[in-house]
Amino acid sequence: MGHLIPSDHINDRRVVTCCACQTRQSSEDPVPVAGATGPSSCITLSRTPLWMATPQEKLAPDRGRRCGRCPWHAQEEIPEDDEEEPEDASDPSEGDGVEGEWESESSSSSPEDCGVPEASEPPGEEESHDHSATKYVPPQVRKAQETLDDKKREELGRLKKMVNGLINRLSEPNLSSISGQMEELYMANSRKDMNETLTDILMNACVTAVAMPARLMMEHVLLVSILHHNVGIEVGAHFLEAVVKKFDELCRSDAEGKECENLLALIAHLYNFHVVHSLLIFDILKKLVSTFTEKEIELILFLLKNVGFSLRKDDALALKELITEAQRKANTAEKKLQDQARVRFMLETMLALRNNDMRKIPGYDPEPVEKLRKLQRTLVHSSGSGKETQLRVSLESLLSADQVGRWWIVGSSWSGAPMINDTNSKTQQKLHIGKVSSKIMELARKQRMNTDIRRSIFCVLMTSEDFLDAFEKLLKLGLKDQQEREIVHVILYCCLQEKTYNPFYAFLANKFCEYERRFQVTFQFSIWDKIRDLENLSATAISNLVSLLAHLLRAKSLPLSVLKVIEFSELDKPKVRFLRQVLSMLLIKTDAEELSDIFVRISDNPKLGMLRESLKLFLTHFLLKNVQAQKSAEEASLLKERVELATKALQAKEPKLKL
């Protein structure tokens, strides 16, 4: 129940206003407690002592009595002859006779706030407390929303009646006029509303529990095809997506009706009338062949009967692969299937398609489709063949359109851009390599692996069994473009940080160079950076770099031209020492035949003439100098032989005549 609060004095007669229904009453009516501000305080209260009453409460001598006229939520109208409320009314935000919705406030009055002891609440007034949790909406906003919704609903209802009337009258003779009227509706209404309305009506008309006549299905799909070519590809794309999703949903369920056949007929005729590419048809056939139950066999036969020879014209190789897969499935599932006659009939149909023998397919009649195709060419405005408007979209893309977007529609968009979020989440999932011990994570921190990608690569390197295991795990991280280069940087960094040379990194680097050329280029640039910075590297790091580079040169993962970054005319001591170690290891530890191949690789490139001359000079003057004092006689003689072999290899393909 509501409480009345003093509002005004008119002709010496006190007028009070109900806090809930805003009805103003004369002093003859029962006068409840003053100061109540909302439905939550509409309960019977005891009288308030005079010394505790507020100045406003003192104006109401009969305190503690309820409004006996109406509950707080009753919609009482206010007499028109009442005067306006002054500013000290109970709710200045609401005018006379205006009903609003309450918003929950922490400041709403309660018996404790008013200093009045709490009384028992009548059972009929519990609903008033639930209403106090709703948010207040201004009446003018509420009315505008209701008006807009009613107007939109009325427009959609009128549009649905118009489209439904056109679809009901659809036939081959009046297809031209009906398609023209549909185009006018597309121009006059929102394309979204038209696509949804047209799709719903066509689905209700064509997808039923009984098999629909083929002629009816073709005429309906032909209308979609004409609108697809004349209005825009979003018409056919919206209809195709709805049909494919419904087909996938029914295939997963155990529906016994003919809905799947009807949906498959719609997809087949969308292909016949050049709305969708053969890629989708082959995807559906592959999915049906992979399941290969009796239901799927019937669907395969139905689809091949409608579009089999068109598929043979578009992609004979894909059809041949499909037939091979179906034969293999039939052989493996021979014992599981009860109706072997249907399986044999399916295989005979496939062989007839492969051999282009139409006579062996019972009931095959291409005449209706060809006749409607001619009609389509007369009704389509564009003069092209229609191939450019075909939707080359796969089954997977259609089923995941809500997650990855509709890339096949120009200008399509969706809220939230989930594609970006999905990419980030997938990267994070792929970078998750399982549980890693705290020691490994601490070691990664000490080695300054300051990004998630570098930490993941480092953990893979430290926890792999061998270089093959590391190679497979690093590829499974799924890194792209610049992220992929971090693999090379981390491998090289870890190799140089080892206290003693570990050939694990050399074999892993060789594996990546053999896998893709882009890794080879990245290794070359990374080694160039290290060579330029030799003076800042420790002796251990230089030794490890020498062993790594010599291994990559012997394995032919990198060419000898990697040394062209060194300026031989400005050699300093670190670079001389580095070159001497690399070439000595290469000459001594490599077979004669392999060594010749390594040096011959740079002998025929005219751009590397300066490098060849510099290497000859370095081999004879720096490498063989004082070799007798530094090495044993056997090693010195072997080194001399290899130097002569390398020099001859460098001159092998040089031009004999020099001008």
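Computed from a prediction, not measured in an experiment: that's the story for all the values here.

Caption draft 1: The overall build of the protein, seen in detail. Per the secondary structure count, the protein includes 28 helices and 3 strands. When contacts within the protein are restricted to residue pairs at least 6 apart in sequence, long-range pairs at least 24 apart make up 72% of them. Accessible surface, the protein as shown: approximately 36400 Å² in total, 50% of it carbon and sulfur.

Caption draft 2: How the structure looks around the pattern of salt bridges. Following the criterion strictly, the structure yields 25 salt bridges and no others. In this structure, Arg158 engages Glu154 in a salt bridge whose closest nitrogen and oxygen atoms are separated by 3.4 Å. Within this pair, Arg158 and its partner Glu154 are both found in helix α3 (residues 139–168), separated by 4 residues, close to a single helical turn. Among the charged side chains, a network of salt bridges with common partners joins Glu172, Arg215, Glu219 and Lys371.

Caption draft 3: Structural view of the packing of helix α20 (residues 482–497) against helix α22 (residues 517–532). For the pair α20 and α22, the least separation of the axes is 10 Å and the interaxial angle reads 45°. One element, α20, and the other, α22, form an angle in the oblique class. Our pair here, α20 against α22, has a crossing hand that is right-handed. Between α20 and α22, the residues in contact are Glu484, Arg485, Val488, His489, Ile491, Leu492 and Leu496 and Arg518, Phe519, Thr522, Phe523, Ser526, Ile527 and Lys530, respectively. For the contact of α20 with α22, a count of residues per class yields 7 nonpolar, 3 polar and 4 charged.

Caption draft 4: Molecular detail of the environment of Glu256. Counting through the fold element by element, Glu256 comes out in the loop between α7 (233–252) and α8 (259–272). Looking at Glu256, the relative accessible area reads 80%, which means it is exposed. The spacing of Glu256 and Lys295 is 39 residues in sequence and 9.5 Å in space, taken between C-alpha atoms.

Caption draft 5: Examining the side chain of Ser526 more closely. Residue placement: Ser526 occurs in helix α22. A distance of 2.9 Å separates a polar side-chain atom of Ser526 from the backbone oxygen of Thr522. Apart from the residues within four sequence positions on either side, Ser526 is in contact with Val488, His489 and Leu492.

Caption draft 6: Quick look at the side chain of Thr522. The residue Thr522 is located in helix α22 in this model. Judged by relative accessible area, Thr522 falls into the buried class, the value being 14%. Ignoring anything within four residues of it in the chain, the contact list for Thr522 reads Arg485, Val488 and His489.

Caption draft 7: Quick look at the state of the cysteines. Applying the stated criterion to the full structure yields 0 disulfides. Cysteine Cys494 shares no disulfide, and the gap to the nearest cysteine sulfur, in Cys495, comes to 8.8 Å. Residue Cys494 is classed as buried on the basis of its relative accessible area, which comes to 6%.

What counts and how
- Residues numbered from 1 in each chain as written.
- Predicted model: local features only at pLDDT ≥ 70, side-chain atom pairs only at ≥ 80, totals over all residues.
- Heavy atoms only, no water.
- Helix = DSSP H or I, 4+ residues; strand = E, 2+ residues; numbered from the N terminus.
- Contact = heavy atoms within 4.5 Å.
- Areas by Shrake-Rupley, 256 points an atom, 1.4 Å probe, with all protein chains shown as cover.
- Salt bridge = Lys/Arg side-chain N within 4 Å of Asp/Glu carboxyl O.
- Axes fitted to C-alpha atoms, helices over the stretch in contact; angles between N-to-C directions.
- Parallel < 35°, antiparallel > 145°, perpendicular 65-115°, else oblique.
- Left-handed = near helix turned anticlockwise from the far one by under 90°.
- Nonpolar A, V, L, I, M, F, W, Y, C, P; charged D, E, K, R; others polar.
- Buried < 20%, exposed > 50% of the residue type's maximum accessible area, 1.4 Å probe, protein only.
- Polar contact = N/O pair within 3.5 Å; in protein donor to acceptor, adjacent residues only side chain to side chain.
- Disulfide = S-S within 2.5 Å.

Everything listed is a geometric property; what it means functionally is a separate question.
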